[in-house]
Amino acid sequence: MTYHPKSDFLATIIARGFLADCTDLQGLDEALIDGTVPAYIGYDATAESLHVGHLLNVMLLRWYQKTGHRPITLMGGGTTKVGDPSFRSDERPLLTPEAIDTNIASMKGVFAKYLDYGDTGSGALMLNNAEWLDDLNYLDFLRDIGRHFSINRMLAFESVKSRLDREQSLSFLEFNYMILQAYDFMELHRRYGCLLQMGGSDQWGNIVNGVDLTRRVLDREVFGLTTPLLTTSDGRKMGKSQGGAIWLNADMLSPYEFWQFWRNTTDADVGRFLKLYTELPLDECDRLAALGGAEINEAKIRLANEVTTLCHGVDAAHAAEATAREVFERGGIGDDLPTLSLSADDVAGGISVVQLIVRSGLAKSGKDAKRLIAEGGARLDDMPLTNAGLMLDAAALAAPVKLSAGKKRHALVTVAD
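About the thresholds
- Residues numbered from 1 in each chain as written.
- Predicted model: local features only at pLDDT ≥ 70, side-chain atom pairs only at ≥ 80, totals over all residues.
- Heavy atoms only, no water.
- Salt bridge = Lys/Arg side-chain N within 4 Å of Asp/Glu carboxyl O.
- Helix = DSSP H or I, 4+ residues; strand = E, 2+ residues; numbered from the N terminus.
- Buried < 20%, exposed > 50% of the residue type's maximum accessible area, 1.4 Å probe, protein only.
- Axes fitted to C-alpha atoms, helices over the stretch in contact; angles between N-to-C directions.
- Parallel < 35°, antiparallel > 145°, perpendicular 65-115°, else oblique.
- Left-handed = near helix turned anticlockwise from the far one by under 90°.
- Contact = heavy atoms within 4.5 Å.
- Nonpolar A, V, L, I, M, F, W, Y, C, P; charged D, E, K, R; others polar.

> Outline the pattern of salt bridges, supporting the account with residue identities and numerical values.
Using the criterion set out here, one finds 19 salt bridges in the structure. For the salt bridge of Asp144 with Arg143, the shortest nitrogen-to-oxygen distance reads 3.0 Å. In this structure, the salt-bridge partner of Arg191 is Glu187, at a minimum N-O distance of 2.7 Å. Of this pair, Arg191 and Glu187 both sit in helix H10 (residues 177–192), 4 residues apart, which is roughly one turn of the helix. Residue Arg191 is classed as partly exposed on the basis of its relative accessible area of 39%.

> Describe in detail the packing of helix H12 (residues 255–263) against helix H15 (residues 296–312), supporting the description with residues and values.
Where H12 contacts H15, the axes come no closer than 8 Å and their chain directions differ by 140°. As judged from the angle between their axes, H12 and H15 are oblique. Taken as a pair, H12 and H15 cross one another with a handedness that is right-handed. Residues Pro255, Phe258, Trp259, Trp262 and Arg263 of H12 lie in contact with H15, whose contacting residues are Asn297, Lys300, Ile301, Leu303, Ala304, Asn305, Val307, Thr308, Cys311 and His312. Of the residues in the contact of H12 with H15, the class split is 9 nonpolar, 4 polar and 2 charged.

> Describe in detail unusual backbone geometry, supporting the description with residues and values.
The phi dihedral of Asp219 falls on the positive side, at around 55°, and the residue is not glycine. Looking at the element boundaries, Asp219 is found in the loop between helix H11 (204–218) and strand S6 (223–227). Its relative accessible area of 65% is what places Asp219 among the exposed residues.

Written out as structure tokens, the structure reads:
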């Protein structure tokens, strides 16, 4: 029999497609009805920004707060020193403490766009697991915590098993990660009354470990909930593009490029993405998803505007849409395109069009740029670009030049006075 939740949070996320699994759906539902419940998602500080792959769970935390509960963003100042091995084929590079702190400071700005870190009962908390992990005594930790973990069971988790089945090395350092994550959950419950850990379905084993450890050590019942690992309808991992990760920080990816990522959603994904990544009512999501022919493009623009407004603000969304219409509908340049700004010295002896394509981010390498030109996918000021050996001098770049890769990716090249 399908369980029909009574709490606003579970009813909302189930209807919108966020739920993959839960350790005890009915028990969690009853806890959420009883009062404000703290819940957390952990984020290791492996980069200066979150990317679109994180956005599903950021929206989950946002809905959690909107339905009256307290979200906790746990920054992995401690666990980043180890590195999560889940479903990775190799060990993560180890970062210095200074690099970790820099990444955490940068990521905080993204969370503040989606969550209210106020002093109210449902005000979000930002914590750092270095607070309790950095000063652990290894022998005490082995005796008090390590004895509760079965190696046999840990080896059976899919995230570990898949690595071993491929005969890829799994270091003892990484193997400790799941124990530390379980310890995080127990400490958050002990210190902050946290009853729920959420995460992607690749974190299921780690989350279950935390539920079990808290029950064994503290004799307390806590809960775990996971979201599905999303792929696009054409099988690509969500958040990846030909140009690399879709970052949420404006200084790592322009709001225009962010907007374009969502505008380029395939028809089959529009309805699902509207439910997961926007706050539009479900009936409006269904109406937009049902549009056919050219009208589906307006649904994609609505998706792009809604998601970009949450991440970068309404002005950035409107500017991106205006630029896109200028570029696509009227063949103009637009004011908000990604821009490569060159110095006079850069072009003093002339500069190759291949180099401009690479430096503007439209191709990853000179080889890719030449292939783009050879296959007829490159344009210069909206005219087909056929000569990979073309050199542009200062006179040719006196006015901004528009480069295009295919129909949807564009950049400006300017020379500073």
